[in-house]
Amino acid sequence: MRIALINGSPKVKNSSSSILLEDLKGYLGKNVEIVNVELHSPVITKEDIEELMKTDAWVFSCPLYVDGIPGHLLSCLIQLEESCVKNSKKHIYGIVNCGFYEGIQAKIALKILQNWCLKTGYIWSGGIGVGGGGGLAMISNMKPGQGPKAAIDRAIEKLALSILKNDITENQYVSIAFPRFLYKMAAQLGWRQMIKANGGKAKDLGKKLD
Amino acid sequence: MKLIITDIENFSIPVEGDHKIIKPQGNIQHCIGCFGCWAKTPGKCVLLDGYEETGRDMGKCTELIIVSRCHYGSVSPFVKMIQDRAISYTHADFVIRKGEMHHKRRYKNIITLSSHLYGENITTIEKETALELLKANAENYDGLVKDVYFYQSVEDLGDVVL
Ligand SMILES: Cc1cc2nc3c(=O)[nH]c(=O)nc-3n(C[C@H](O)[C@H](O)[C@H](O)COP(=O)(O)O)c2cc1C
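Note that the coordinates shown come from a computational prediction; the quantities given were computed from them, not determined experimentally.

Undergrad: Would you explain the overall build of chain A in this entry?
TA: Counting secondary structure elements, chain A contains 6 helices and 6 strands. For chain A, the C-alpha radius of gyration of 18 Å lies close to 17 Å, the compact-globule estimate for 210 residues. Counting only C-alpha atoms, chain A reaches 55 × 40 × 25 Å along its principal axes. Counting over 210 residues, chain A shows a buried share of 53%. Long-range pairs, those at least 24 residues apart, make up 80% of the contacts in chain A with a sequence separation of at least 6. When the accessible surface of chain A is summed, it comes to about 9,300 Å², and 54% of that surface belongs to carbon and sulfur atoms.

Undergrad: I'm lost on the sheet that holds strand β1 (residues 2–7) of chain A in this one. Help?
TA: Note: strands within a sheet are paired through backbone hydrogen bonds, in either parallel or antiparallel orientation. Residue and element names in this part refer to chain A. Taken in spatial order, the 6 strands make up an open sheet running β2-β1-β3-β4-β5-β6, and their pairing is parallel. This sheet does not close on itself; its edge strands, each paired only once, are β2 (33–38) and β6 (172–175). Between one strand and the next, the sheet's axes are offset by a mean angle of 15°, whatever the strand orientation. In this structure, β1 lies alongside strand β3 (residues 57–63), joined through 5 bridges in parallel fashion. In the strand pairing of β3, A4 is matched with W58. Where helix α1 (residues 16–28) meets the sheet, it contacts β1, β2, β3, β4 (91–97) and β5 (123–131), and its direction lies at approximately 165° from that of β1. Together, β3, β4, β5 and β6 form the strand contacts of helix α4 (residues 107–120), whose direction differs from that of β5 by roughly 165°.

Undergrad: Honestly, the sheet that holds strand β6 (residues 112–118) of chain B in this entry has me stumped. Any pointers?
TA: Residue and element names in this part refer to chain B. Here 5 strands make up an open sheet; going across it, the order is β2-β1-β3-β6-β7 and the pairing parallel. Each edge of the open sheet is held by one strand with a lone partner, namely β2 (19–22) and β7 (144–151). Strand-to-strand twist in this sheet, taken as the mean axis angle between neighbours without regard to direction, amounts to 15°. Across the sheet, helix α4 (residues 124–141) is in contact with β3 (63–69), β6 and β7; its angle to β7 comes to roughly 155°.

Undergrad: Is there a simple way to think about the site of the ligand in this case?
TA: In the neighbourhood of the ligand, 21 residues make up the surrounding shell, with S9, S16, S17, L64 and N97 of chain A lying closest. In this structure the ligand sits where residues from chains A and B come together. A distance of 2.5 Å is found between an oxygen atom of the ligand and a side-chain nitrogen or oxygen belonging to N97 of chain A. G99 of chain A is positioned such that a nitrogen or oxygen atom in its backbone is 3.0 Å from a nitrogen atom of the ligand. Burial of the ligand by the protein chains amounts to 94% of its free accessible area of 650 Å². Looking at the shell around the ligand, its residues break down into 9 nonpolar, 9 polar and 3 charged.

Undergrad: Even after reading the chapter, I still don't get helix α3 (residues 77–84) of chain B, so can you show me in this structure?
TA: Because the α-helix completes a turn every 3.6 residues, residues three or four places apart line up on one side. Counting buried positions along α3 of chain B gives 8 out of 8 residues, so the element sits mostly inside the fold. Restricting attention to buried positions, one finds in α3 of chain B the residues P77, F78, V79, K80, M81, I82, Q83 and D84 of chain B.

Undergrad: What is the right way to read the pairing of β6 of chain A from this model?
TA: The side chains of a regular strand alternate, residue by residue, between the two faces of the sheet. All names here are of chain A. Covered by surrounding structure in β6 are Q172 and V174 only, the residues Y173 and S175 on the alternate face being uncovered. Here 4 bridges tie β5 to β6, and the two strands are oriented parallel to one another. Directly across from G131, in β6, lies its bridge partner S175. Each parallel crossover has a hand, and the one from β5 via helix α5 (residues 150–165) to β6 is left-handed.

The rules we used
- Residues numbered from 1 in each chain as written.
- Chains lettered and ligands numbered in written order.
- Predicted model: local features only at pLDDT ≥ 70, side-chain atom pairs only at ≥ 80, totals over all residues.
- Heavy atoms only, no water.
- Helix = DSSP H or I, 4+ residues; strand = E, 2+ residues; numbered from the N terminus.
- Rg over C-alpha atoms; globule rule 2.2 N^0.38 Å.
- Buried < 20%, exposed > 50% of the residue type's maximum accessible area, 1.4 Å probe, protein only.
- Contact = heavy atoms within 4.5 Å.
- Areas by Shrake-Rupley, 256 points an atom, 1.4 Å probe, with all protein chains shown as cover.
- Pairing = 2+ DSSP bridges.
- Axes fitted to C-alpha atoms, helices over the stretch in contact; angles between N-to-C directions.
- Near = heavy atom within 4 Å.
- Polar contact = N/O pair within 3.5 Å; in protein donor to acceptor, adjacent residues only side chain to side chain.
- Nonpolar A, V, L, I, M, F, W, Y, C, P; charged D, E, K, R; others polar.
- Right-handed = clockwise from strand over helix to strand, strands pointing away.

Dropping the structure here:
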């Protein structure tokens, strides 16, 4: 079985999307062949499309952007729709991680992927909405299944089992296991550190432009 | 002010009153996820290609009107890239509204959102998704929803006055 793991974050490095795909890879085990595809820009290469067509299942992992799919990835999806082979039995899965705490906020983005499947004729087979995705890079050293990522990894493990069995599952919605008020505090502290590191002041975070 | 974001290059739909139109004029770069618009050049996108000030424009508008091709219930890549690069309309900090996490306001204006979506075969499910998307956007901008309107083609928008 050949499975394509598609990273749809525009970030080339250190994306939460890639962390989630790494975890998934671990749960998929050694008996499958993994094809990594990186979609960081609006154009998908001919080589990538050819590679993708030779796989049995695709897993998209992307961030939630303005309640939907990032613009560059939408552009790739349109390109893929134009090149896809109709009536293929390919199974499509999706992992959408979001900055807000509640994984359910990724519901519409998963629906857009599902609607894309209806257009391409591929089989939408379920996904995960991951809340608190912004915190994943901070705890990326933790072993899968442990700490604040435990619940997310359980959902990923379940998804891996469906992929291996060619199953169709319901979407799962999970959040990082870290109290919401602490997640909010940590993020806000993060913004203040970031603006200072960029040579600015914390109060400029609220700057209003004329 | 009405802010129109459209993917139609030769946009000629009449708009009543004070307005600004953001449409494709030269290549657009996509958001690279750097959060520079919050923590480097607050309020403005760091990619300088002529499309970096939508966050500020949103801070001045009373209505946001999207005119776009509908893809899978979403707006088109151009319109979405504009929206992605305009998250600095809000403040980076979080607030909890109706039990869910969202961003704090940067500006005081309340935006009323509507979208006019065109496409030959927009399905019922895509229409539902498009409405949910607009409602979610309104929730995140802390604004209001007017409605989503659907058309078979750009030509069908001919009788519309925005
Ligand atoms: C342009 C932009 C728009 C975003 N919109 C949302 C959103 O609507 N809801 C949300 O929860 N998070 C939103 N986020 C936060 C990202 O989903 C979050 O940071 C995610 O973890 C990034 O994943 P990545 O590292 O895989 O790119 C947005 C981030 C950016 C840069």
